[in-house]
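# Structure at a glance
The primary structure of each chain is shown beneath.
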Amino acid sequence: MFLKIPEESALIQEIDIHKNVKLFMKREDLIHPQISGNKYWKLFFTVNNYLEYKPENPLIITFGGAYSNHISAVSAVGHSAGIPTLGIIRGEELEKKWKDNPTLASAKRNGMNLKFITREEYRHKEKLTVFLQQEFPDALIIPEGGTNKSAVMGIKMMLNTHTKDFDYLCTAVGTGGTIAGISEFCEENQKVIGFKVVEDASLEQKISELTSKRNFYLTDADLGGYGKINDDNIRFINDFKTNFEIPLDPVYTGKMMQKVFEMIDADYFSAGSKILCFHTGGLQGVEGANLLLEKQNRDLII
Ligand SMILES: *Cc1c(COP(=O)(O)O)cnc(C)c1O
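Let us look at the structure shown here. (Residues numbered from 1 in each chain as written. Predicted model: local features only at pLDDT ≥ 70, side-chain atom pairs only at ≥ 80, totals over all residues. Heavy atoms only, no water.)

### Some thoughts on the pattern of salt bridges
Pairs can form between side chains of opposite charge once their charged atoms are near each other. Going through the model one piece at a time under the given rule, you end up with 12 salt bridges. Taking the shortest distance from any N to any O, the salt bridge between Asp 265 and Lys 19 comes out at 2.6 Å. Here Asp 265 is found in helix 10 (residues 253-265), whereas its partner Lys 19 is found in the loop between strand 1 (12-15) and strand 2 (22-27), with 246 residues between them in sequence. Linking Glu 144 and Lys 125 is a salt bridge whose minimum nitrogen-to-oxygen distance equals 3.9 Å. Linking Glu 144 in the loop between strand 6 (140-142) and helix 6 (149-155) with Lys 125 in helix 5 (residues 125-135), this pair joins segments that are 19 residues apart in sequence. (Salt bridge = Lys/Arg side-chain N within 4 Å of Asp/Glu carboxyl O. Helix = DSSP H or I, 4+ residues; strand = E, 2+ residues; numbered from the N terminus.)

Dropping the structure here:
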């Protein structure tokens, strides 16, 4: 097995908020230094199965935006497995600017080839996928964000005996693979809440195709739009780190936790509830976010 099951499952840390509910975070961000958080588990079976069958001309191809945690994770997989990777990146303008983008620069250092395409071409990436698979028959092509049936199976690994006593399981939602796995494999009495950081009207439908259960509820947490960094959220992230010594990212986990705090203050959860939030990683994106904030003369993420 190339991606291994860590000897110890991710730490569950209490967030001491002095309210009438108990709040915890499960630190999937700590399980691997480069292949962080939910991306590790989403890639777990896909990558292990592919490498097990020892393709003659191995190549992993995937898709993502300029700050993609998934691109970062796949490049790290390629680097440590010693196999070539190709990242298809949204935005042709990045062709000349990738050196200034820490996510893309580090993917390059990991040996990933980057191909930049227009937003219009990116929207039709399914066509490109068919073409690429013909061109590279041995290649493993992983969809954007890594979401597929095996990714959902991999998320099962985030659940164990320690996660069973919680009433609520919370996760940030991008493409929906993570919440689908939590929904499918959690206990019958547990409620799953997804914090949507991206506006996508078809998300509920997509998730329903990946889980057989209807135990999940989605709430908006985009705080101004996907990937948009919100000053109020930066303050929240910085206070959170100061108070609880847990770093959050500005695209997923920071937005989720701000919304969770708002929901606790609005008494959404009944008194005595035990809430577990998954820290799905994404911290590699902080450096790029800070470069952008610095240019705009705004407060930085500490
Ligand atoms: C990708 C990602 C998510 C969203 O996962 P999906 O399975 O795409 O919904 C959440 N948090 C972080 C940090 C991520 O990188």
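### Some points on the sheet that holds strand 8 (residues 191-196)
With respect to topology, six strands assemble into an open sheet ordered 1-2-10-7-8-9, the strand pairing being mixed. The open sheet has two edge strands, strand 1 and strand 9 (216-220), and neither has a second partner. Here the strands of the sheet are splayed against their neighbours by 25° on average, with no regard to which way each runs. (Pairing = 2+ DSSP bridges. Axes fitted to C-alpha atoms, helices over the stretch in contact; angles between N-to-C directions.)

### Focus on unusual backbone geometry
Phi is positive for Glu 245, close to 60°, though the residue is something other than glycine. Along the chain, Glu 245 falls in the loop between helix 9 (231-244) and helix 10.

### Some details on helix 11 (residues 285-295)
Buried within helix 11 we find Gly 285, Val 286, Gly 288, Ala 289, Asn 290 and Leu 293. Contact partners of the buried residues in helix 11: helix 2 (69-81), helix 3 (102-109) and helix 9. A positive phi of about 60° marks Asn 297, the residue just after helix 11. (Buried < 20%, exposed > 50% of the residue type's maximum accessible area, 1.4 Å probe, protein only. Contact = heavy atoms within 4.5 Å.)

### Concerning the pairing of strand 7 (residues 168-173)
Extensive coverage of strand 7 is indicated by the burial of six of its six residues. As defined by bridge partners, strand 7 adjoins strand 8 across six bridges and the pair is classed as parallel. Bridged to Cys 170 within strand 8 is Ile 193. What joins strand 7 to strand 8 is helix 7 (residues 177-185), and the crossover it makes is right-handed. (Right-handed = clockwise from strand over helix to strand, strands pointing away.)

### Some remarks on the site of the ligand
With respect to spatial proximity, 16 residues lie near the ligand, and among them Lys 39, Lys 42, Thr 175, Thr 178 and Thr 280 are the closest. A distance of 3.1 Å is found between an oxygen atom of the ligand and a side-chain nitrogen or oxygen belonging to Asn 38. Lys 39 places a polar side-chain atom, nitrogen or oxygen, 2.7 Å from an oxygen atom of the ligand. Computed on the free molecule, the ligand has an accessible area of 380 Å², of which 98% lies beneath the protein chains in the complex. Secondary-structure elements contributing two or more residues to the shell around the ligand are helix 1 (38-52), strand 7 and helix 7. Ranked by residues supplied to the shell around the ligand, first place goes to helix 1 with three residues. (Near = heavy atom within 4 Å. Polar contact = N/O pair within 3.5 Å; in protein donor to acceptor, adjacent residues only side chain to side chain. Areas by Shrake-Rupley, 256 points an atom, 1.4 Å probe, with all protein chains shown as cover.)

### Section: the nonpolar core
Of all hydrophobic cores here, the largest spans 50 residues; its most connected members are Ile 35, Leu 43, Ile 60, Leu 169 and Ile 207. The leading source of residues in this core is helix 1, at seven residues. Each of domain 1 (12-33 + 158-295) and domain 2 (39-146) accounts for three or more of the residues forming this core. Contact partners of Ile 60, with chain neighbours within four places excluded, come to Tyr 50, Val 74, Val 77, Ile 83, Pro 84, Thr 85, Leu 86, Leu 140 and Ile 142. Cys 170, Val 198, Ile 246 and Val 260 belong to the second-largest nonpolar core, a separate cluster that totals 35 residues. (Core = buried A, V, L, I, M, F, W, Y, C linked by side-chain atoms within 4.5 Å. Domains from an automatic or database assignment.)

### Notes on the side chain of Ser 68
Note that Ser 68 resides in the loop between strand 3 (60-64) and helix 2. In terms of polar contacts, Ser 68 uses its side chain to reach the backbone amide nitrogen of His 70, at 3.1 Å. Filtering out sequence-adjacent residues up to four positions away, Ser 68 remains in contact with Thr 103 and Gln 284.

### Some details on the sheet that holds strand 4 (residues 85-90)
Taken in spatial order, the four strands make up an open sheet running 5-4-3-6, and their pairing is parallel. The outermost strands of the open sheet, each flanked by one partner alone, are strand 5 (112-117) and strand 6. On average, each strand axis in the sheet is inclined to that of its neighbour by 20°, with strand direction left out of account. As paired elements, strand 3 and strand 6 share three bridges and run parallel to each other. Each residue of the ladder has a partner; that of Ile 60, found in strand 6, is Leu 140. Where helix 2 meets the sheet, its contacts fall on strand 3, strand 4, strand 5 and strand 6, and the angle it forms with strand 3 comes to roughly 165°.

### Remarks on the state of the cysteines
Counted according to the given criterion, the structure contains zero disulfides. Note on Cys 186: no disulfide assigned, nearest cysteine sulfur contributed by Cys 170 at a separation of 12 Å. In this structure Cys 277 is not part of a disulfide, and its nearest cysteine sulfur, from Cys 170, lies 4.2 Å away. Cys 277 gets classed as buried once you look at its relative accessible area, which sits at 0%. (Disulfide = S-S within 2.5 Å.)

Everything listed here is a matter of geometry and, on its own, says nothing about what the molecule does.
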